[in-house]
Every structure is written in structure tokens, then in C-alpha cells.
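In case you want the letters, here they are:
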Amino acid sequence: QVQLVESGGGLVQPGGSLRLSCSASGNIASIYNMGWYRQSPGKERELVAVVHRVGGREYQDSVKGRFTVSRDNTGAAVYLEMNSLKAEDTAVYYCNADESGSPPNKYWGQGTQVTVSS
């Protein structure tokens, strides 16, 4: 099993920046990918960004050029640097870790609220 603890959310002005952090514990050797999802009221949880164990990154189109996902070389922590934040970025952000399997196991952090408002 994997446990995820995340932090860094809060209130920020439009155009501002936040850095989210997530640390994994437990069977971290089993983790292949780590990343971030978000969910706002009335919407499905959606992928924001993911960094694969081999180093590749994926981003939701709406955050490309503004957000950067990174991962410690231990493979047990992931970060999300969010710049040029917009009101539309307001959501609960969830750290995610994936284990290989059929189906693959997905683990989630508790979520951290990001609110972009004047």
C-alpha cells in the first residue's frame, strides 16, 4: 500500500503562483507514475499533470506552459509548480500514485484546496 501526503494549497490572486508538494510512504518501490489530478464542483476529476518513472511528462492542455510537474530522484515525491494561475484553476488538487497491475492500482492523497480569486 501507498500513502500520500500533500500540501501547498491555499488562496492566491489571479496571475499568482503556488507550489504543491506530495510525499509518498509505504511501498514506494512499487510506484511507477506520480502526478496530480483536480476536481471542481460539478466536474469530473481530471488529470492535471503526471511524471512517469522513466521521466516523461504529460499535461492537461489547459495548463501547458503554466504548470510544471517534477519528481524527486527518489521517486517518492512529486511537485506541481503552478504559475499564471486563473480562476478556472480553482479546484481540489489530488496527488496520485500509480502501481502497475491489472487493473493498475491508483492511490490518492487527501486533496488540497487551491482557490484563485481576487
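**Student:** Pulling in residues and values, what's your account of the packing of aromatic side chains?
**Tutor:** Per the counting criterion, the structure on display carries 1 aromatic pair. Of note, Arg45 hangs over the ring of Tyr94, and the distance from its end group to the ring centre comes to 3.7 Å. In this structure, Arg45 packs its charged tip against the face of Trp108, placed 4.6 Å from the ring centre.

**Student:** Describe the environment of Thr74, naming the residues involved and giving the relevant values.
**Tutor:** Relative to the helices and strands, Thr74 resides in the loop between strand S7 (67-71) and strand S8 (77-82). What makes Thr74 exposed here is its relative accessible area of 57%. A sequence separation of 45 residues divides Thr74 from Ala29, and the C-alpha atoms of the two residues are 9.4 Å apart. Here Ala76 takes part through its backbone nitrogen, which lies 3.3 Å from a polar atom of the side chain of Thr74.

**Student:** Could you give an account of the nonpolar core, with specific residues and numbers?
**Tutor:** Formed by 27 residues in total, the largest nonpolar core has its most connected members in Leu4, Met34, Trp36, Leu80, Met82 and Tyr93. Every element with two or more residues in this core is listed here: strand S1 (2-7), strand S3 (18-26), strand S4 (31-39), strand S5 (46-52), S7, S8, strand S9 (91-99) and strand S11 (112-116). Excluding residues that lie within four positions of it along the chain, Met82 makes contacts with Gly16, Ser17, Leu18, Leu20, Arg66, Phe67, Tyr93 and Val114.

**Student:** Outline the state of the cysteines, listing residues and values.
**Tutor:** Within this structure, the stated rule accounts for 1 disulfide. Disulfide pairing places Cys22 opposite Cys95 at an S-S distance of 2.0 Å. Judged by the sign of its S-S torsion, about -85 degrees, the cystine formed by Cys22 and Cys95 is left-handed. With Cys22 in strand S3 and Cys95 in strand S9, the pair connects residues that are 73 residues apart, well separated along the chain. The pair formed by Cys22 and Cys95 is uniform in burial state, with each residue classed as buried.

**Student:** Can you lay out the pattern of salt bridges for me, pointing to particular residues and giving the numbers?
**Tutor:** A full pass over the atoms with the stated rule returns 6 salt bridges. Residues Lys64 and Asp61 are paired through a salt bridge, measuring 3.0 Å at the closest nitrogen-oxygen approach. Residue classification places Asp61 among the exposed positions, given a relative accessible area of 60%. Taking the shortest distance from any N to any O, the salt bridge between Asp89 and Arg66 comes out at 2.7 Å. Here the residue Asp89 occupies a position in the loop between S8 and S9, and Arg66 occupies one in the loop between strand S6 (57-59) and S7, the gap between them amounting to 23 residues. A single burial state applies to Asp89 and to Arg66, both of which are buried. Here the residues in one salt-bridge network are Arg38, Glu46, Arg66 and Asp89, joined through shared partners.

**Student:** Lay out the side chain of Thr112 in plain terms, naming residues and giving numbers.
**Tutor:** Mapping Thr112 onto the fold places it in strand S11. Here the side chain of Thr112 touches Gly9 through a polar contact of 3.2 Å, landing on its backbone nitrogen. Beyond its immediate sequence surroundings of up to four residues, Thr112 is in contact with Glu6, Gly8, Gly9, Leu20, Ala91, Val92 and Tyr93.

Definitions and cut-offs
- Residues numbered from 1 in each chain as written.
- Predicted model: local features only at pLDDT ≥ 70, side-chain atom pairs only at ≥ 80, totals over all residues.
- Heavy atoms only, no water.
- Phe/Tyr/Trp six-rings, centres within 6.5 Å; stacked < 30°, edge-to-face > 60°.
- Lys NZ or Arg CZ within 6 Å of the ring centre and 35° of its normal.
- Helix = DSSP H or I, 4+ residues; strand = E, 2+ residues; numbered from the N terminus.
- Buried < 20%, exposed > 50% of the residue type's maximum accessible area, 1.4 Å probe, protein only.
- Polar contact = N/O pair within 3.5 Å; in protein donor to acceptor, adjacent residues only side chain to side chain.
- Core = buried A, V, L, I, M, F, W, Y, C linked by side-chain atoms within 4.5 Å.
- Contact = heavy atoms within 4.5 Å.
- Disulfide = S-S within 2.5 Å.
- Salt bridge = Lys/Arg side-chain N within 4 Å of Asp/Glu carboxyl O.

Limitation: the analysis is restricted to geometry and does not speak to function.
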